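Residue-level structure breakdown
Below, each chain spelled out in residue letters.
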Amino acid sequence: MASVPVRFVLCEPTHPGNIGAAARAIKTMGFDRLVLVNPPADHHGAEARARASGALDVLESAEVMASLAAAVQGCGLVVGASARHRRLGIAEFDPRECAGQMLAAGAGGPVALVFGTERSGLSNAELDLCHALVYIPANPGYSSLNLAAAVQLLAWELRAAQGITLDIPPPESPPATVADMELFYEHLQRVLAASGFLDPGNPRNLMRRLRRLFNRARLDQNELNILRGILAALAPGSGERHWRGVPPPADDGTP
Ligand code: SAH
């Protein structure tokens, strides 16, 4: 992960809490390079640390620079994040395009995402160093996100663009197999017929609906065992021995 060598550059951030929260935002998305241009003196202080939470390493290793030019030195693509549309003749990406462009440019060397100061955003001199802008198309009536929230959103897009693989732990119980489900449906049909709820002369529509219901639930083996246990408890003697071999309902043309 984090194969894009991206620097997240905060220009003159004024709130230490935002700096900590930005460190956390980038670490959660698999990035670690935070650059601060003229941050406040307490940028490592208690508030920043509290908001960084488990991302203290990113906060503590943040580089401090005296100018944006120094912060983006060597970057092949510099994209400025803007809280409003700016008609400056600079290319403007949406967050997804921005991520794609950074991914492509990042293959050749470092790239930078640049964020403006909380009160006024990126200055014209800072914009002069940007190859393009990125605008998060938020509520047109109120499009200014909190600084760290904007960092979070753009970092997520970069992560998503890298084709993340979901790290899903194996299920506690494996999914019920098709064969097990067939045995369950046969058991269910037998019990429903014995109870009088299902008309043995015309079982198909009901069984088809029930199949759809249970198939939608994508039962695992534990859950299937519970259902089989319930059937066996409600209708003692309806067990496999007695009902095995009942054919599944034939297609009656019901959609
Ligand atoms: N009042 C400032 C907003 C500053 S918010 C202004 O009007 O420009 C601080 C920074 O968060 C912005 O400079 C920008 O880098 C980022 N940001 C906030 N909202 C954003 C949005 N909708 N799209 C892109 N970046 C945004």
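Residues numbered from 1 in each chain as written. Predicted model: local features only at pLDDT ≥ 70, side-chain atom pairs only at ≥ 80, totals over all residues. Heavy atoms only, no water.

Parsing the chain into structural domains produces domain 1 (6-161) and domain 2 (178-245). Measuring from the centre of the C-alpha atoms in domain 1 to the corresponding centre in domain 2 gives 57 Å. (Domains from an automatic or database assignment.)

Locating Gln162 in the fold gives a position in the loop between helix 7 (147-161) and helix 8 (178-195). Distance from Gln162 to Leu227, taken between C-alpha atoms, is 42 Å for residues 65 residues apart in sequence. (Helix = DSSP H or I, 4+ residues; strand = E, 2+ residues; numbered from the N terminus.)

Here the focus is the site of the ligand. Surveying the vicinity of the ligand reveals 19 residues, the closest of which are Ala81, Arg84, Ile136, Ser143 and Leu145. One of the side-chain N or O atoms of Arg84 is found 2.9 Å from an oxygen atom in the ligand. For the ligand, an oxygen atom lies 3.1 Å from a polar atom in the backbone of Gly116. The protein chains hide 92% of the 540 Å² of surface that the ligand would expose on its own. One can see that the ligand is located within the largest pocket. Here the residues of the shell around the ligand are counted per class, giving nine nonpolar, seven polar and three charged. (Near = heavy atom within 4 Å. Polar contact = N/O pair within 3.5 Å; in protein donor to acceptor, adjacent residues only side chain to side chain. Areas by Shrake-Rupley, 256 points an atom, 1.4 Å probe, with all protein chains shown as cover. 1 Å grid on protein atoms, 1.4 Å probe; cavity = no way out; pocket = protein on both sides within 12 Å on 5 of 7 lines; lining within 4 Å. Sits in = over half its atoms within 2 Å of the grid points. Nonpolar A, V, L, I, M, F, W, Y, C, P; charged D, E, K, R; others polar.)

Here the focus is the packing of aromatic side chains. Taken as a whole and judged by the stated rule, the model has three aromatic pairs. Look at Phe8 and Phe31: their rings are 5.5 Å apart centre to centre, the planes differ by 55°, and that puts the pair in the tilted class. Separated by 23 residues along the polypeptide, Phe8 in strand 1 (residues 6-11) and Phe31 in the loop between helix 1 (16-28) and strand 2 (34-37) bring together distant segments of the chain. Per residue, the accessibility class of Phe8 equals that of Phe31, and both read buried. Measuring from centroid to centroid gives 5.1 Å for Phe184 and Phe214, while their planes differ by 90°, and the two rings are edge-to-face. (Phe/Tyr/Trp six-rings, centres within 6.5 Å; stacked < 30°, edge-to-face > 60°. Buried < 20%, exposed > 50% of the residue type's maximum accessible area, 1.4 Å probe, protein only.)

Let's shift gears to helix 10 (residues 221-234). The terminal C-alpha atoms of helix 10, which comprises 14 residues, lie 20 Å apart, in line with the 20 Å expected from a rise of 1.5 Å per residue. The set of residues buried in helix 10 consists of Leu224, Arg228 and Leu231. Seen from one end, helix 10 has its buried residues packed into an arc of 60°, which puts them on one side. Among the exposed residues of helix 10, those oriented more than 90 degrees off its buried face are Asn225, Ile226, Ala233 and Leu234. (Expected span 1.5 Å × (residues − 1). Arc of directions from axis to C-beta.)

In this section: the pattern of salt bridges. For the structure on display, the rule yields five salt bridges. In this structure, Lys27 engages Asp57 in a salt bridge whose closest nitrogen and oxygen atoms are separated by 3.1 Å. Pair noted here: Lys27 is in helix 1 and Asp57 is in helix 3 (residues 56-60), with a separation of 30 residues, a long-range link. The residue Arg33 makes a salt bridge to Glu63 at a minimum N-O spacing of 2.7 Å. Of this pair, Arg33 sits in the loop between helix 1 and strand 2 while Glu63 is found in strand 3 (residues 63-65), placing the two residues 30 residues apart along the sequence. Since its relative accessible area comes to 33%, Arg33 is described here as partly exposed. (Salt bridge = Lys/Arg side-chain N within 4 Å of Asp/Glu carboxyl O.)

The subject of this paragraph is the state of the cysteines. Throughout the structure, instances matching the rule amount to zero disulfides. There is no disulfide at Cys11, and the cysteine sulfur nearest it, in Cys130, is 7.7 Å away. The class for Cys11 is buried, based on a relative accessible area of 1%. Left without a disulfide partner, Cys75 is nearest to the cysteine sulfur of Cys130, which lies 11 Å away. (Disulfide = S-S within 2.5 Å.)

Volume-wise, the largest pocket comes out at about 390 Å³. Around the largest pocket, the lining is made up of 24 residues, and of these Ala81, Ser82, Ala83, Ser144 and Leu145 lie nearest the centre. Sort the elements by how many residues they give to the lining of the largest pocket and helix 7 lands first, with three residues. Classifying every residue of the lining of the largest pocket by side-chain character gives 11 nonpolar, nine polar and four charged. Lining the second largest pocket, in full, are Pro175, Ala176, Thr177, Val178, Met181, Glu182, Tyr185, Arg211, Phe214, Asn215, Arg218 and Leu219. Of all the elements in the fold, those that place two or more residues in the lining of the second largest pocket are helix 8 and helix 9 (204-217). The element contributing the most residues to the lining of the second largest pocket is helix 8, with four residues. Its residues assigned to classes, the lining of the second largest pocket shows seven nonpolar, two polar and three charged. (Points joined across faces, edges and corners; volume = space filled by probe spheres on them.)

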